[in-house]
There are 2 protein chains.
Amino acid sequence: MSETTPLGIIAGAGAFPLALARAAEAQGRPVFAILLKGIAGKELEAYPHAWVGIGQFGAICAQARRAGCRDLVLIGSLVRPNLWTTLPDIGALKTLPEVLRLYRGGDDHLLSGIARLFEREGFRLVGAHEVAPGLVMPEGRLAGPEPDADDRDDIAMARAAIAALGPYDVGQGIVIGRRRIVAVEGAEGTDGMLERCAAMVASGRIRWGKGVGILVKAPKPQQDRRIDMPAIGPATVDKAAAAGLRGIAVVAGSTLVVEMDEVVRRADRHGVFVLGVGAEAGP
Amino acid sequence: MSETTPLGIIAGAGAFPLALARAAEAQGRPVFAILLKGIAGKELEAYPHAWVGIGQFGAICAQARRAGCRDLVLIGSLVRPNLWTTLPDIGALKTLPEVLRLYRGGDDHLLSGIARLFEREGFRLVGAHEVAPGLVMPEGRLAGPEPDADDRDDIAMARAAIAALGPYDVGQGIVIGRRRIVAVEGAEGTDGMLERCAAMVASGRIRWGKGVGILVKAPKPQQDRRIDMPAIGPATVDKAAAAGLRGIAVVAGSTLVVEMDEVVRRADRHGVFVLGVGAEAGP
């Protein structure tokens with residue numbers, strides 16, 4: 001890693017960009033923040049920064065180059081519509097057929113297409129997990145009660161289903177209870193899926209006692225973890241608890257955890273386990 | 001089929017039970033309606049009938065036997081919580097381990113377990129599609145515009161994803177547009193999934209033009225079509241239109257269509273295609 005150059009943080013929404021900037025700073029690495037207009041928060045204005053439109057690919061590259069960045073991290077959530085509406089600006093810079101190829105297919109194609117474009121401009125895309133291992137989910141139980149054999153069974157089944165959906169670029173999250181999958185994550189995202197589960201519990205459509213359901217998140221097999229890594233945070237824990245879930249299982253080493261201390265505190269308070277499972281799915 | 005005996009229609013909610021009773025009647029076959037309390041509508045009271053609680057397995061069998069039924073059809077929707085809360089009554093009649101096995105696993109296990117219980121009592125479970133072929137989706141375009149090559153491509157991809165989820169007993173329906181799967185059906189059901197898509201379109205989370213998205217429904221490979229067949233009706237068409245979808249594709253011969261005339265009328269009015277695809281998934 002070219003650690004003497006400033007780390008270029010292309011920042012979307014949420015708490016991750018600031019956490020990453022702080023982690024880089026703690027390692028003595030300078031930061032240059034490229035803040036996406038209408039998406040990123042203002043917290044990173046404390047660092048050297050520039051505001052750019054998400055579709056202004058040329059401006060992003062120019063700012064990063066001017067600041068002396070070689071390594072770039074894409075971090076924070078990008079609400080989907082922005083990607084869709086702004087990609088045509090990239091199209092103006094590149095050949096149309098290539099951009100059209102980006103449009104077809106799911107997130108993975110879109111995002112890995114974007115990664116290729118940056119690399120062609122001479123940058124190196126690095127994953128947040130490489131720069132800030134402290135933001136990454138550790139293996140084992142992080143908080144809450146100890147998962148039992150039924151939980152492990154459910155987690156293995158959900159991971160197998162996520163893997164089966166991998167080729168179709170959907171379903172990075174599943175809610176399961178006693179071998180019954182009740183929700184598969186689509187464009188609504190994890191929060192939307194958990195809210196749906198809470199509503200189904202409230203309406204009686206899901207009727208399991210507290211201490212059954214589990215949120216399982218895992219990257220799709222072909223997912224490029226530099227640009228699209230599963231993530232959880234305090235809000236995930238709150239929403240899981242609101243849906244009456246017993247726990248959250250994510251893949252250790254391949255999941256970002258924002259505000260890990262707060263995640264632990266809330267999980268312990270709600271009695272919801274947070275578990276980092278091994279990279280290999282298995283029973 | 002023992003067509004001289006009355007057809008026992010164990011009726012859940014929705015319009016299918018009445019449509020099935022009329023179809024049987026039109027064939028000259030007597031009907032005996034076993035109406036599930038709190039679930040079935042009153043329309044079938046026009047036929048010889050009895051009201052029973054869904055958990056009263058013994059009473060259902062006794063009523064059917066008394067009416068001289070040998071063939072039984074389970075039809076109409078059973079809101080999931082009823083199954084869950086009432087199965088313990090079956091437990092009182094059967095050995096506990098067997099019932100516990102029914103509890104584990106998804107709908108398929110639960111439903112095929114119920115089928116086995118009826119068969120052990122000497123009844124024959126027949127599918128609505130066997131009794132009333134007129135309620136079954138035909139092959140080809142039933143209504144709306146002609147699907148194009150991109151649509152066929154999307155339909156094939158969605159069917160492959162549904163097949164991949166088959167072993168996990170979830171995902172009988174998918175909403176897809178230009179090779180991007182935006183929603184996978186879980187416990188919320190098809191209507192719930194379409195409402196979610198409409199909300200995501202309204203919020204800008206899905207931003208495709210009218211004339212892109214498709215609802216694809218297909219039975220899971222191992223699904224017992226006698227007791228759990230995909231179904232669409234006029235409300236499906238309305239909700240698909242509200243979500244801005246371009247069409248609905250279901251498997252010909254393996255999907256029930258309630259009020260087919262009305263489905264056609266509304267699909268033509270909304271400009272939403274309704275397509276019956278072949279039993280074999282493929283491009």
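Residues numbered from 1 in each chain as written. Chains lettered and ligands numbered in written order. Predicted model: local features only at pLDDT ≥ 70, side-chain atom pairs only at ≥ 80, totals over all residues. Heavy atoms only, no water.

Along the backbone of chain A there are 10 helices and 13 strands. Surface exposure of chain A reaches about 10,800 Å², of which carbon and sulfur atoms provide 53%. (Helix = DSSP H or I, 4+ residues; strand = E, 2+ residues; numbered from the N terminus. Areas by Shrake-Rupley, 256 points an atom, 1.4 Å probe, with all protein chains shown as cover.)

One pass over the structure, following the stated rule, counts 31 salt bridges over all chains. Among the salt bridges present, the one from Arg196 of chain A reaches Glu188 of chain B, with a minimum N-O distance of 3.7 Å. With Arg196 of chain A in helix 8 (residues 189-203) and Glu188 of chain B in the loop between strand 8 (180-184) and helix 8 (189-203), this pair bridges two chains. Of the charged contacts, one joins Glu146 of chain B and Arg141 of chain B as a salt bridge, the two residues approaching to 2.8 Å between their closest N and O atoms. Counted as one network, the salt bridges with shared partners bring together Asp148, Asp150, Asp151, Arg178 and Arg246 of chain B. (Salt bridge = Lys/Arg side-chain N within 4 Å of Asp/Glu carboxyl O.)

Before going further, it helps to examine the packing of helix 9 (residues 234-242) of chain B against helix 10 (residues 260-270) of chain B. Residue and element names in this part refer to chain B. Axis separation between helix 9 and helix 10 bottoms out at 8 Å; the angle between their running directions is 15 degrees. If you check the angle between helix 9 and helix 10, you find them roughly parallel. For the element pair helix 9 and helix 10, the recorded crossing hand is right-handed. Of the residues in helix 10, those touching helix 9 at Pro234, Val237, Asp238 and Ala241 are Glu262, Val263, Arg266, Ala267 and His270. Its residues assigned to classes, the contact of helix 9 with helix 10 shows 5 nonpolar, 1 polar and 3 charged. (Axes fitted to C-alpha atoms, helices over the stretch in contact; angles between N-to-C directions. Parallel < 35°, antiparallel > 145°, perpendicular 65-115°, else oblique. Left-handed = near helix turned anticlockwise from the far one by under 90°. Contact = heavy atoms within 4.5 Å. Nonpolar A, V, L, I, M, F, W, Y, C, P; charged D, E, K, R; others polar.)

So, about helix 7 (residues 149-165) of chain A. The terminal C-alpha atoms of helix 7 of chain A lie 25 Å apart, and with 17 residues this matches the ideal 24 Å at 1.5 Å per residue to within 8%. For helix 7 of chain A, the set of buried residues is Asp151, Asp154, Ile155, Ala156, Met157, Ala158, Arg159, Ala161, Ile162, Ala164 and Leu165 of chain A. In this fold, the buried residues of helix 7 of chain A make contact with strand 7 (173-177), strand 8 (180-184), strand 9 (214-217), strand 11 (247-251) and strand 13 (273-277) of chain A together with helix 7 (149-165) of chain B. The opening residue of helix 7 of chain A, the one whose side-chain oxygen lies 3.1 Å from the backbone nitrogen of Asp150 of chain A, is Asp148 of chain A. (Expected span 1.5 Å × (residues − 1). Buried < 20%, exposed > 50% of the residue type's maximum accessible area, 1.4 Å probe, protein only. Polar contact = N/O pair within 3.5 Å; in protein donor to acceptor, adjacent residues only side chain to side chain.)

Residues and elements named next belong to chain A. The phi dihedral of Asp169 is positive, around 60 degrees, even though this residue is not glycine. Structurally, the position occupied by Asp169 is in the loop between helix 7 and strand 7. For Arg178, which is not glycine, the phi dihedral falls at a positive 50 degrees. Tracing the chain through its elements places Arg178 in the loop between strand 7 and strand 8. Among the residues examined, Arg178 registers a relative accessible area of 25% and is labelled partly exposed.

With that settled, consider the sheet that holds strand 1 (residues 7-11) of chain A. All names here are of chain A. The 5 strands are arranged 3-2-1-4-5 in an open sheet whose pairing can be described as parallel. Unpaired on one side and paired on the other, strand 3 (49-52) and strand 5 (124-125) mark the two borders of the sheet. Pairing of strand 4 (residues 71-75) with strand 5, which is carried by 2 bridges, proceeds in the parallel orientation. Bridge pairing links Leu72 to Leu125 in strand 5. (Pairing = 2+ DSSP bridges.)

Next up on the list: the sheet that holds strand 4 (residues 71-75) of chain B. All names here are of chain B. Within the open sheet, the 5 strands sit side by side as 3-2-1-4-5. Their pairing is parallel. On the outer flanks of this sheet lie strand 3 (49-52) and strand 5 (124-125), each paired with one strand and no other. Bridge analysis of strand 1 (residues 7-11) against strand 2 (residues 31-36) gives 5 bridges, and the strand direction is parallel. Paired with Gly8 across the strands is Phe32, a residue of strand 2. Contacting strand 1, strand 2 and strand 4, helix 1 (residues 16-26) runs over the sheet at an angle of about 170 degrees to strand 1.

What follows concerns the environment of Gly166 of chain B. Residues and elements named next belong to chain B. When you line up the elements, Gly166 lands in the loop between helix 7 and strand 7 (173-177). Given a relative accessible area of 1%, Gly166 falls into the buried group. In sequence terms Gly166 and Pro219 are 53 residues apart; their C-alpha atoms lie 8.5 Å from each other.

Residue and element names in this part refer to chain A. All of the buried residues in helix 2 (residues 57-66) are Phe57, Ile60, Cys61 and Ala64. All buried residues of helix 2 lie within an arc of 95 degrees about the axis, which places them on one face of the element. Positive phi shows up at Gly68, right after helix 2, with a value of about 85 degrees. (Arc of directions from axis to C-beta.)

Moving on to the nonpolar core. Core analysis: the biggest nonpolar cluster contains 42 residues, and Ile181 of chain A together with Ile181 of chain B have the highest contact counts within it. Setting aside its immediate chain neighbours within four residues, Ile181 of chain B contacts Tyr168 and Val170 of chain A together with Met157, Ala161, Ile174, Val175 and Ile176 of chain B. (Core = buried A, V, L, I, M, F, W, Y, C linked by side-chain atoms within 4.5 Å.)

We now examine the environment of Lys42 of chain A. On the secondary structure map, Lys42 of chain A appears in the loop between strand 2 (31-36) and strand 3. As a C-alpha pair, Lys42 of chain A and Leu18 of chain A span 24 residues in sequence and 9.6 Å in three-dimensional space.

Here the focus is the pairing of strand 2 of chain A. Within strand 2 of chain A, 6 of the 6 residues are buried, which leaves the element mostly enclosed by the surrounding structure. Across the two faces of strand 2 of chain A the burial is the same, with Val31, Ala33 and Leu35 of chain A and Phe32, Ile34 and Leu36 of chain A all buried.

A word on the environment of Tyr168 of chain A. Inspection of the secondary structure assignment puts Tyr168 of chain A in the loop between helix 7 and strand 7. Sequence spacing of Tyr168 of chain A and Lys220 of chain A is 52 residues, and the spatial spacing of their C-alpha atoms is 9.4 Å. Setting aside anything within four residues of it in sequence, one finds Tyr168 of chain A in contact with Met157, Ala160, Ala161, Ala164 and Ile181 of chain B.

This next bit is on the confidence of the model for chain A. Low pLDDT marks regions whose predicted coordinates should not be analysed in detail. Predicted confidence across chain A gives a mean pLDDT of 83, with 82% of residues reaching 70 or more. Low pLDDT, under 50, characterises residues 80-107 of chain A; the predicted model gives this stretch 54 contacts beyond four residues in sequence or across chains. (pLDDT = per-residue confidence, 0-100.)

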